[in-house]
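Below are the chains, spelled out letter by letter.
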Amino acid sequence: MRTPEEFNRLGQQHLPAHLGIVITRSDPDLLQAELQVRAELMAPNGFLHAGSVVTLADTLAGYGCVRNLPDGASGFTTVELKSNHLGTVREGTVVCEARPAHLGRTTQVWDATVSSRETGRTLALFRCTQLLLYPK
């Protein structure tokens, strides 16, 4: 699995497609996606829900991990994720870029930045650690 189209198909019938996440780039060291802000993704206070932002970033980190699984690994599980929310939006499109900080044989660490396409403002910084799984 390598292309944005393959990842978008993988997300069908699952949370990424349900939220409207669209993968736009898939390279070993950079994944990109976008998410159109709409009412269903908002918190009751009228701003983009933090969970929507975290799901966008976590999706890219997970797909990046899949894209970079070492030989013999069968998958991964997330063991830690952290997000710092610096701003929010009420409309427009949010974009995300994820890059590997560490690609090991037992763990991977991914950093992601979520920003507003319209303003360029950073909305959130995200770090995700995945434990790589191997068949017994």
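Okay, so let's go over this structure.

Reading guide: rules and limits
All residue numbers refer to position in the chain's written sequence, counted from 1. Selection of residues for local features in this predicted model requires a pLDDT of at least 70, selection of side-chain atom pairs for listing and counting requires 80 or more, and totals for whole chains, interfaces and linings are taken over all residues. No hydrogens and no water enter the side-chain calculation; it runs on all heavy atoms of the structure. Runs of E in the DSSP output that reach at least two residues are strands. Runs of H or I that reach at least four are helices, and both are numbered from the N terminus. Our radius of gyration is a C-alpha quantity, and the globule rule it is checked against amounts to 2.2 Å times the number of residues to the power 0.38. Here's how the labels work: a residue is buried when its accessible area is under 20% of the maximum for its type, exposed when over 50%, partly exposed in between, all with a 1.4 Å probe on protein chains only. Throughout, a contact is declared for two residues whenever any of their heavy atoms are within 4.5 Å. What sets the accessible areas is the Shrake-Rupley method with a 1.4 Å probe; for residues, cover comes only from the shown protein chains. As used throughout, the charge tally considers Lys and Arg to be positive and Asp and Glu to be negative, leaving His and the chain termini uncounted. By convention, the charge on Lys lies at NZ, on Arg at CZ, on Asp at CG and on Glu at CD. Throughout, nonpolar core names a set of buried Ala, Val, Leu, Ile, Met, Phe, Trp, Tyr and Cys residues whose side chains join them through atoms within 4.5 Å. Each patch is built from residues lacking any salt bridge and having more than 30% relative accessible area; the joining distance is 9 Å for like charges and 5 Å for nonpolar side chains (Val, Leu, Ile, Met, Phe, Trp, Tyr). We define a salt bridge as a side-chain nitrogen of Lys or Arg found within 4 Å of a carboxyl oxygen belonging to Asp or Glu. DSSP bridges decide pairing: two strands pair if at least two such bridges lie between them.

Some thoughts on the overall build of the protein chain
Part 1 of the argument: A tally of regular secondary structure across the protein chain gives three helices and six strands.
Part 2 of the argument: Each helix (α) and strand (β) of the protein chain, taken in turn from the N terminus, gives the series α-α-β-β-α-β-β-β-β.
Part 3 of the argument: For a compact globule of 136 residues, the expected C-alpha radius of gyration is about 14 Å, and the protein chain comes in at 15 Å, within 12% of that figure.
Part 4 of the argument: Oriented by its inertia axes, the alpha-carbon framework of the protein chain measures out at about 45 × 30 × 25 Å.
Part 5 of the argument: Across the 136 residues in the protein chain, those meeting the buried criterion constitute 42%.
Part 6 of the argument: Taking contacts inside the protein chain between residues at least 6 apart in sequence as the whole, the part at least 24 apart equals 63%.
Part 7 of the argument: When the accessible surface of the protein chain is split by element, carbon and sulfur atoms take 52% of a total near 7,300 Å².
Part 8 of the argument: Between the mean site of the 13 positive side-chain charges and the mean site of the 13 negative ones, the protein chain shows a separation of 4 Å.

Quick notes on the nonpolar core
Part 1 of the argument: Residues Leu48, Leu56, Val94 and Val114 are the most contacted members of the largest nonpolar core, which totals 31 residues.
Part 2 of the argument: For this core, the secondary structure elements donating two or more residues are β2 (30-36), α3 (50-67), β4 (93-103), β5 (107-116) and β6 (122-133).
Part 3 of the argument: A total of eight residues in this core trace back to one element, the largest contributor, which is α3.
Part 4 of the argument: In contact with Leu48, other than residues within four places in its own chain, are Val37, Leu41, Met42, Ala43, Val53, Thr88, Val89 and Val94.

Some points on a nonpolar patch on the surface
Part 1 of the argument: There is a patch of nonpolar side chains on the surface, built from Val79, Leu131 and Leu133 and spanning about 230 Å² of accessible area.
Part 2 of the argument: Relative to the elements of secondary structure, Val79 occurs in strand β3 (residues 75-85).
Part 3 of the argument: A relative accessible area of 52% means that Val79 is categorised as exposed.

A short note on the pairing of β5
Part 1 of the argument: The element β5 is extensively covered by neighbouring structure, given that seven of its ten residues are classed as buried.
Part 2 of the argument: Relative to β5, β4 runs antiparallel, the two being bridged by nine bridges. Paired with Ala98 across the two strands is Ala112, which belongs to β5.
Part 3 of the argument: Where β5 lies against β6, nine bridges are found, and the strand directions are antiparallel. From the neighbouring strand, Ala112 faces β6, where its bridge partner is Phe126.
Part 4 of the argument: Taking the residues that link successive antiparallel strands as the turn, the β5-β6 hairpin has five residues, and the phi of Gly120 there is positive, at about 80°.

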